[in-house]
Amino acid sequence: MSNTPTTHDHDLPYDPKDLGEVDGASFSQSAAPDGRSVRVTGTCPRCHGGTGREYRRGNPGTGTKGLFDRLSGRSGGTVRPEPDPLHDEVHFCECGHGHPQIPAEVHFVGCGASWRIAP
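What counts, and at which threshold
- Residues numbered from 1 in each chain as written.
- Predicted model: local features only at pLDDT ≥ 70, side-chain atom pairs only at ≥ 80, totals over all residues.
- Heavy atoms only, no water.
- Phe/Tyr/Trp six-rings, centres within 6.5 Å; stacked < 30°, edge-to-face > 60°.
- Helix = DSSP H or I, 4+ residues; strand = E, 2+ residues; numbered from the N terminus.
- Buried < 20%, exposed > 50% of the residue type's maximum accessible area, 1.4 Å probe, protein only.
- Pairing = 2+ DSSP bridges.
- Disulfide = S-S within 2.5 Å.
- Axes fitted to C-alpha atoms, helices over the stretch in contact; angles between N-to-C directions.
- Core = buried A, V, L, I, M, F, W, Y, C linked by side-chain atoms within 4.5 Å.
- Contact = heavy atoms within 4.5 Å.
- Lys, Arg positive; Asp, Glu negative; His and termini not counted.
- Salt bridge = Lys/Arg side-chain N within 4 Å of Asp/Glu carboxyl O.
- Polar contact = N/O pair within 3.5 Å; in protein donor to acceptor, adjacent residues only side chain to side chain.

A. Structural detail: the packing of aromatic side chains. Going through the model one piece at a time under the given rule, you end up with 2 aromatic pairs. For the pair F27 and W115, a centre-to-centre distance of 5.9 Å together with 45° between the ring planes defines the contact as tilted. Of this pair, F27 sits in the loop between β1 (18-22) and β2 (28-31) while W115 is found in strand β6 (residues 114-117), placing the two residues 88 residues apart along the sequence. Across this residue pair, the class does not change: F27 and W115 are buried.

See the structure below:
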């Protein structure tokens, strides 16, 4: 197997394909400069383009304070762990390249692939 990085396949036609669970070796997460979100970056396992997305911290309903927690029975200082965007999210290719045959209504500009990153 070669150690040469694979280059972005710009000619790969758009295909909304679920790749399932992929190895996370080419992905990382870091705090965004604003401190309120986490940036997940890596290489699309289908087209090999660079991709990344920011996920906001503190999703509604994950805290332990407020009326919702009392009504839902969550109390006693139990804190649910912060979601891990690297492993808990479905990721989409957002390489920024309009691959051939990409429909105009597509929200994620990339090759169409989606995947989960294995823990």
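After that view of the structure, there is still more to cover.
B. How the structure looks around the pairing of β6. For β1 and β6, the ladder comprises 3 bridges, and the chain directions are parallel. Its bridge partner lying in β6, V22 is registered against I117. As defined by bridge partners, strand β5 (residues 91-92) adjoins β6 across 2 bridges and the pair is classed as antiparallel. Residue pairing for β6: F92 is matched across the bridge by S114.

C. A look at the state of the cysteines. Under the criterion given, the structure shown has 0 disulfides. Left unpaired, C93 is separated from the closest cysteine sulfur, that of C44, by 3.7 Å. In this structure C95 is not part of a disulfide, and its nearest cysteine sulfur, from C93, lies 3.7 Å away. With a relative accessible area of 16%, C95 lands in the buried category.

D. Highlighting the sheet that holds strand β3 (residues 37-43). Ordered by their spatial adjacency, 3 strands build an open sheet running β2-β3-β4, and the pairing between neighbours is antiparallel. Of all strands in the sheet, those bounded by a partner on one side alone are β2 and β4 (50-56). The average undirected angle you get between the axes of adjacent strands in this sheet is 20°. In this structure, β3 lies alongside β4, joined through 7 bridges in antiparallel fashion. By the bridge assignment, G42 is partnered in β4 with T51.

E. Structural detail: the nonpolar core. Residues F27, C44, C47, C93, C111, W115 and I117 are the most contacted members of the largest nonpolar core, which totals 14 residues. Beyond its immediate chain neighbours, meaning those up to four positions away, I117 contacts E21, V22, G24, F27, L86, H87 and H91.

F. Expanded view of the sheet that holds β6. Here we have 3 strands laid out as an open sheet, ordered β1-β6-β5, and mixed in their pairing. Whereas interior strands pair on both sides, the edge strands pair on one side only; in this sheet they are β1 and β5.

G. Quick peek at the side chain of R46. Checked against the element boundaries, R46 lands in the loop between β3 and β4. For the buried R46, no salt bridge exists, and the shortest N-O distance to an oppositely charged side chain is 4.2 Å, to D15. Engagement of the side chain of R46 in a polar contact is seen with the backbone oxygen of C111, the distance being 2.9 Å. Residues contacting R46, with those up to four places away along its chain left out, are L12, P13, Y14, D15, L19, C111 and A113.

These figures capture arrangement, not role.
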